[in-house]
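Below are the chains, spelled out letter by letter.
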Amino acid sequence: MNHSKKLLAVISWPTWGGYPYPVGRRIIKSCLSCGLILLLLLSSGRGVTAADWPTFGHEPRRSGWTEESILSPENVGGLELEWTTQVDNVPLALNSLTAPLVASKVVTSQGIKTVVYVAGSSDTFFALDAQDGKVLWSRTFDAAVLPDSEGFYLCPNAVNATPTIDQNRAVVYTIARDGKLYGLDLGSGATKFGPFQFVPAFAKAWSLNFYEGVLYTSTSQGCGGDRSGIYSMDVTDAMHTVSHEFLIKRGYGGGMWGRGGVVVGANHRLYTSTGDGNFDPTAGDYGSSFLSITPRDLRLVDYYTPLNWKDINKRDLDLPSGGLVAFSYKHHDLVAGGGKEAVVYLMRGDSLGGKDHQTALHVTSALANDNKELEQKGMWGAPAVWTDRKNNQTWLYVTIWGPLSKDAPPFPLTNGEVPHGCVIAFNVVDDEKTRQPTLRPAWISPDFNLPDPPVVANGVLFALATGENPQQQHEQGLLHYKSREEWKKNLLTTEQRGMGTRPAVLYALDAKTGKLLYQSGSAMKTWVHFSGLAVSDGQVYAVDHDSRIYCFGLKSMATRNAVVPIEIAPKQPLTEPKAANPATDQWPAPPDASSTPNPEARNPSAAAAGRKLFRQACTRCHAEDGSGQNRSGANLRSPKMQSQSDGALFWKITRGNTATGMPSFSSLPETVRWDIVTFLRTLKDSNDNPSEGAGERKKGTPPDSDKNKQ
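Quick caveat: nothing in here was measured; it's all calculated off a predicted structure. (Residues numbered from 1 in each chain as written. Predicted model: local features only at pLDDT ≥ 70, side-chain atom pairs only at ≥ 80, totals over all residues. Heavy atoms only, no water.)

Asker: Sorry if this is basic, but what is going on with the overall build of the protein here?
Answerer: For the protein, the count of helices and strands is 11 helices and 40 strands. Relative to its 710 residues, the protein shows a buried fraction of 60%. Total accessible area on the protein stands at roughly 28300 Å², and carbon and sulfur atoms take up 51% of it. (Helix = DSSP H or I, 4+ residues; strand = E, 2+ residues; numbered from the N terminus. Buried < 20%, exposed > 50% of the residue type's maximum accessible area, 1.4 Å probe, protein only. Areas by Shrake-Rupley, 256 points an atom, 1.4 Å probe, with all protein chains shown as cover.)

Structure representation (structure tokens):
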């Protein structure tokens, strides 16, 4: 393997921060007006409790599992298409839109919204309002270079990598066709990071992953002159970004093309799998293997190579086609994946292949692809994992193209014939003899034509039947070519692969039995290639090849959140701020309110969301750092204030106090108010210790100095 380190410098850096709010014609003179600059959200049948879907597979492990509370096996049959939006994007060589991402509580120029993000194959990035599908903003990237060859589906010269969201900084990262990395503000699309050269121009990059301040992607197929491998960039210090590369040794084969890109385990290691290529550990070549790599500096620490790696290489049965997932089971950190041979490999995260690097924890028999075809059959997509905490069960789901193998193990539950493909479920259990984790067959889904990566939400498994044409070659099977031109001549063109397709269909299955609970029928208009789903707050998002985004939701949830105009005052009439007095300064919360726990306390994105809201609504009275310096509001950092319970602070934010000029924010959804409380707790960790008295400032410290900024 080849490792290199690149230090990059940038001349200027835009400050992280919220998007400025328009405040209309009113002149803000008091804390009452501070409350009015928020575009307050009203809940229509549900609170704003949307869980973000910030990356492919939902989180760095790529589990595809979210803590959804609205959709359930009992009500998912009531799904319907809520909206469809056609965006201005030209599909390129089967590529169209990336899998959707979702961020809630985003501060935009039109209010606080839940926003859906997709990157377009033709270098335009889109942000849509989750309420109605309207485009809130879009960004088109201009490349200064041109590809040196015409694109086709193996090297499409298109945007291929699903973006990823940094929730704390309110930034979505994406790779443009020229290989440059952009960090865009979630609310406005303004560039807040880069652009920096991340991968070679027109390289085929796979889903971005973001973990502990570092971005990762993997590449394959040598597109754009890329050597294939893993790239990382530390973005914590934008003035001195640090990049690393982990590339294949000899410049061909061994591409790392898993649909979910790099996977991050609970042990902080990175995991990837490689396609067919050279295998010679002494020379640093690891074709047809699973690799464990250190984060940040990208050093190989472990690998697992199947005993039949020569046959996998010979038959082009790439291991990355079925993707990888990292997960925990009891006290074990595990990794699971597989490829075209349709064998599932279960590995220990800290010792993938044991001492000899060729002994996995558990290997299933072949599930499909008896003829060992290099296309159309086998495992394709990415696995998913769900831990059912109610029943203390862990489930692993894989996607199969083509009919099942005659040697596939028996499954207790089946749901009909599967000539085109299916989702297969396993239970992760302890082996009766070894007491080590193993996979026990559980169920087989109804027929999918063809299944894309599944996601799981509250006991419901969602997956698309893509409707695509998986054929790649005119003459199929293992062929030997005399030249690259002869090989390309045998490949179908993009136009030919677009023939024989059918519209994609969204399916919802019972995650415990595989039973069909819902299918979308003719709602989607065309097929899709290599995509994914997002589930957020009772809605399911998908895309198709013709650059449409689809939103499915429950019929009972058809009435969406509304925006209250700026001119509408809070529920309780408020007065102008009055002079503080000892009686009103005490302002105690009742015992039942004080004892109320903060449901957002452990939500990693709550403080960041609360910080945005605080900056927009509260800094005029409490100052940007919460100290109240030179302001009329209280010092929120003081020991007296910080000693109050979360429930007491929530009660005060909700009620307001006309005697002190504190407005009521009762019209804000409860989750939003709790986010503000969660942010207030971060103020006590500062070292500058502003004085308790409102309006006081430490001597020699200018009111707008950097020291007072959060």
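Asker: Which parts of the structure should I look at to understand the packing of helix α7 (residues 606-617) against helix α11 (residues 670-682)?
Answerer: Two numbers describe a pair of packed helices, the interaxial angle and the distance between the axes. Contact geometry for α7 and α11: axes closest at 7 Å, N-to-C directions at 95 degrees. In terms of orientation, α7 and α11 fall into the roughly perpendicular class. Residues A606, A607, A609, G610, R611, L613 and F614 of α7 form the contact with α11, whose own contacting residues are V672, D675, I676, T678, F679, L680 and T682. Taken together, the residues that form the contact of α7 with α11 break down as nine nonpolar, three polar and two charged. (Axes fitted to C-alpha atoms, helices over the stretch in contact; angles between N-to-C directions. Parallel < 35°, antiparallel > 145°, perpendicular 65-115°, else oblique. Contact = heavy atoms within 4.5 Å. Nonpolar A, V, L, I, M, F, W, Y, C, P; charged D, E, K, R; others polar.)

Asker: Please clarify how the packing of helix α10 (residues 646-655) against α11 should be interpreted in this entry.
Answerer: At a closest axis distance of 9 Å, the pairing of α10 and α11 adopts a crossing angle of 125 degrees. As far as their axial angle goes, α11 and α10 are oblique. Crossing of α10 over α11 shows right-handed handedness. Side by side, α10 and α11 meet where D646, G647, L649, F650, I653 and T654 of the first sit next to E670, R673, W674, I676, V677, L680 and R681 of the second. (Left-handed = near helix turned anticlockwise from the far one by under 90°.)

Asker: For this particular structure, what's the right way to read the side chain of S445?
Answerer: Mapped onto the elements of the fold, S445 is located in the loop between β32 (437-444) and β33 (455-457). Of the polar contacts made by the side chain of S445, one reaches the backbone nitrogen of V423; its length is 2.9 Å. The residues contacting S445, other than those within four sequence positions of it, are N415, V418, C422, V423, L509 and G514. (Polar contact = N/O pair within 3.5 Å; in protein donor to acceptor, adjacent residues only side chain to side chain.)

Asker: Looking at this structure, I do not really get the environment of W395. What am I missing?
Answerer: Along the chain, the position of W395 falls in strand β30 (residues 393-401). A C-alpha to C-alpha distance of 4.7 Å links W395 and N427, two positions 32 residues apart in sequence. Among residues more than four places away in sequence, those in contact with W395 are A384, V385, W386, D388, A425, F426, N427, A442, W443, A511 and K512.

Asker: I would appreciate a short explanation of the environment of T305 in the present structure.
Answerer: Within the secondary structure, T305 sits in the loop between β23 (300-304) and α2 (309-314). It is 9.8 Å that separates the C-alpha atoms of T305 and S273, two residues lying 32 residues apart in sequence. If we ignore the near neighbours within four places in the chain, the residues touching T305 are F279, S288, S289, H357 and Q358. A polar side-chain atom of T305 sits 2.7 Å from a polar atom in the side chain of S289.

Asker: Please clarify how the sheet that holds strand β25 (residues 332-337) should be interpreted in this entry.
Answerer: The strands making up a sheet associate through hydrogen bonds between their backbones, and the pairing can be parallel or antiparallel. Within the open sheet, the four strands sit side by side as β24-β25-β26-β27. Their pairing is antiparallel. Among the strands making up the open sheet, the edge pair consists of β24 (324-329) and β27 (362-363). The sheet contact formed by β24 and β25 spans six bridges and is antiparallel. From the neighbouring strand, A326 faces β25, where its bridge partner is V335. (Pairing = 2+ DSSP bridges.)

Asker: Please explain the layout of surface pockets as it appears in this structure.
Answerer: The method is simple in principle: a probe with the dimensions of a water molecule rolls over the atoms, and the space it marks as empty is what remains. As a volume, the second largest pocket reaches approximately 1300 Å³. Looking at the second largest pocket, it is lined by 47 residues, and the ones nearest its centre are L154, Q221, D276, D316 and W487. If you list the elements that add at least two residues to the lining of the second largest pocket, you get α2 and α3 (484-490). Of the residues belonging to the lining of the second largest pocket, the class tally is 18 nonpolar, 19 polar and 10 charged. (1 Å grid on protein atoms, 1.4 Å probe; cavity = no way out; pocket = protein on both sides within 12 Å on 5 of 7 lines; lining within 4 Å. Points joined across faces, edges and corners; volume = space filled by probe spheres on them.)

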